[in-house]
Amino acid sequence: MAHELTELERESAEPIPDADELAGGFELVVSDHLKSDADYQAQMSNLGFGVDYSDYMAHATWHADGGWTRKVIEPYGPLALDPGTAVLHYGQEIFEGLKAYRHDDGSIWTFRPLYNSARLNRSGRRLAIPALPARDFMESIVGLVRADARWVPQQEGASLYLRPFTFASESFLGVRAASRYEYLVMASPSGPYFEHGFQPIEVWVEKTYHRAGPGGMGDAKTGGNYASSLLPKVTAHDEGFDEVMFLDARTATTIDELGGMNVFVVMSDGSVKTPALNGNILPGCTRSSIIQLLESEGVSVSEVPIAIADVVAGLKNGTVTEMFACGTAAVVTAIGRLASDDFDVTVPAGPMTKRIYDEITNIQLGRAEDKFGWCYRLA
Ligand SMILES: *Cc1c(COP(=O)(O)O)cnc(C)c1O
């Protein structure tokens, strides 16, 4: 059955005003301490992922009595927080991740920004954080990227990673939703997410710990889900694994996702499966893009519960031919091994994973036709 558009997919297809019209909505506070040319050169010639930051950040504040105020692009720098700031105690926080790409002609673009804007607000509803209007979101992205344009790298595989986030900034130790929030966007010039390039990752299938459970926050992009994933990740790392795959919390038999990436399974008949959005899975923009791309190419994609036992059996008898994980940071990464207490199987490399990676990145970089209208010009 063909994929029915989700609310996020519908919201992300709304028209967006031109960037020239949005520029200036967040007022620029000019920095008097831009990074020196030497620091700039050093950073840009040695790009990691999320280790260095740009000159500016976007910032707005929400008060219960006035809504969002003081929308600025200001010099990047530390925040002064009272030790009683609510987020430090109860974790009321949500975030997003998207990228600014430099096309071959020097222009700067981003990919489906309204998906991130809509998802920020969807996550916010779950964590009782006030919504940010889509126009404010877009103004913050346009304003920041224009101020930080020199930080959008030109190298192959590199981009300016953008991290919008909102947190409870009221100082108050009682347990309730805060009456004050900060929204920020920081920017980090970044190279490829995985240091070793397009190399299959080895994945530990976790049966004891879960990142999210029924009625929890699994489909919200919030730090708490990451906090719960770290202990199993540390243990898996010690055993030589790159990532952890989480199973459903109720039965520990079906695949949810990795700590921060959605999962796809490629079958020998050419069809593709991915876990259905069951409330515990983050509805990834990359996941959504892959489903729409594959269906437009006539590939059958089913969103269904996927039993880990069936995947292991399928890998042994050849009906499962490839597996990959996807997310904005790494785009698409092949899974090369799946192991747990009671199995350890190799996942073959195949053409579908690389093909999808190429198709998505070619659209993002303006090298393939953007038939879905996913690219948005920032500058
Ligand atoms: C962000 C995220 C993803 C991937 O989402 P994209 O929109 O594709 O970047 C997947 N799982 C989790 C838990 C995430 O936080």
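Residues numbered from 1 in each chain as written. Predicted model: local features only at pLDDT ≥ 70, side-chain atom pairs only at ≥ 80, totals over all residues. Heavy atoms only, no water.

1. Describing the overall build of the chain
For step 1, the next point in the chain: Along its length, the chain carries ten helices and 18 strands.
For step 2, the next point in the chain: Computed over C-alpha atoms, the radius of gyration of the chain comes to 21 Å, within 12% of the 21 Å expected from 2.2 N^0.38 for 379 residues, which places it in the range of a compact globule.
For step 3, the next point in the chain: Oriented by its inertia axes, the alpha-carbon framework of the chain measures out at about 60 × 55 × 40 Å.
For step 4, the next point in the chain: Burial analysis of the chain (379 residues in total) assigns 53% to the buried set.
For step 5, the next point in the chain: Contacts in the chain between residues at least 24 apart in sequence constitute 73% of all its contacts with a sequence separation of at least 6.
For step 6, the next point in the chain: A total of about 16,400 Å² of accessible surface is found on the chain, and carbon and sulfur atoms cover 53% of it.
For step 7, the next point in the chain: In the chain, 31 positive and 51 negative side-chain charges are present, and the distance between their average locations comes to 2 Å. (Helix = DSSP H or I, 4+ residues; strand = E, 2+ residues; numbered from the N terminus. Rg over C-alpha atoms; globule rule 2.2 N^0.38 Å. Buried < 20%, exposed > 50% of the residue type's maximum accessible area, 1.4 Å probe, protein only. Contact = heavy atoms within 4.5 Å. Areas by Shrake-Rupley, 256 points an atom, 1.4 Å probe, with all protein chains shown as cover. Lys, Arg positive; Asp, Glu negative; His and termini not counted. Charge placed at Lys NZ, Arg CZ, Asp CG, Glu CD.)

2. Looking at the packing of helix 5 (residues 113-126) against helix 6 (residues 134-147)
For step 1, the next point in the chain: Here helix 5 crosses helix 6 at 125°, and the two axes come no closer than 10 Å. Relative to helix 6, the element helix 5 lies oblique. Crossing handedness for the pair helix 5 and helix 6: right-handed. Here Pro113, Leu114, Asn116, Ser117 and Leu120 of helix 5 come into contact with helix 6, specifically with Ala134, Phe137 and Met138. (Axes fitted to C-alpha atoms, helices over the stretch in contact; angles between N-to-C directions. Parallel < 35°, antiparallel > 145°, perpendicular 65-115°, else oblique. Left-handed = near helix turned anticlockwise from the far one by under 90°.)

3. Section: the site of the ligand
For step 1, the next point in the chain: Surveying the vicinity of the ligand reveals 15 residues, the closest of which are Lys221, Tyr226, Glu257, Thr286 and Thr328.
For step 2, the next point in the chain: With respect to the ligand, the side chain of Thr328 contributes an N or O atom lying 2.6 Å from an oxygen atom.
For step 3, the next point in the chain: If the ligand stood free it would expose 380 Å²; the protein chains cover 97% of that surface.
For step 4, the next point in the chain: For the shell around the ligand, a count of residues per class yields four nonpolar, seven polar and four charged. (Near = heavy atom within 4 Å. Polar contact = N/O pair within 3.5 Å; in protein donor to acceptor, adjacent residues only side chain to side chain. Nonpolar A, V, L, I, M, F, W, Y, C, P; charged D, E, K, R; others polar.)

4. Considerations on a nonpolar patch on the surface
For step 1, the next point in the chain: Residues Leu79, Leu81 and Leu88 make up a contiguous nonpolar surface patch of roughly 260 Å² in combined accessible area.
For step 2, the next point in the chain: Here Leu79 is to be found in the loop between strand 3 (67-75) and helix 4 (86-90).
For step 3, the next point in the chain: According to the relative accessible area criterion, Leu79 is partly exposed, its value standing at 37%. (Patch = residues over 30% accessible without salt bridge, like charges linked within 9 Å, V, L, I, M, F, W, Y side chains within 5 Å. Salt bridge = Lys/Arg side-chain N within 4 Å of Asp/Glu carboxyl O.)

5. Details of helix 5
Helical geometry note: an α-helix holds 3.6 residues per turn, so side chains three or four residues apart project in the same direction.
For step 1, the next point in the chain: For helix 5, built from 14 residues, the straight-helix expectation of 20 Å at 1.5 Å per residue is met to within 8% by its first-to-last C-alpha distance of 21 Å.
For step 2, the next point in the chain: The buried fraction of helix 5 is high, at eleven of 14 residues.
For step 3, the next point in the chain: Regarding helix 5, the residues found buried are Pro113, Leu114, Tyr115, Asn116, Ser117, Ala118, Arg119, Leu120, Asn121, Ser123 and Gly124.
For step 4, the next point in the chain: Remark: Ala128 follows helix 5 within two positions and exhibits a positive phi of approximately 55°. (Expected span 1.5 Å × (residues − 1).)

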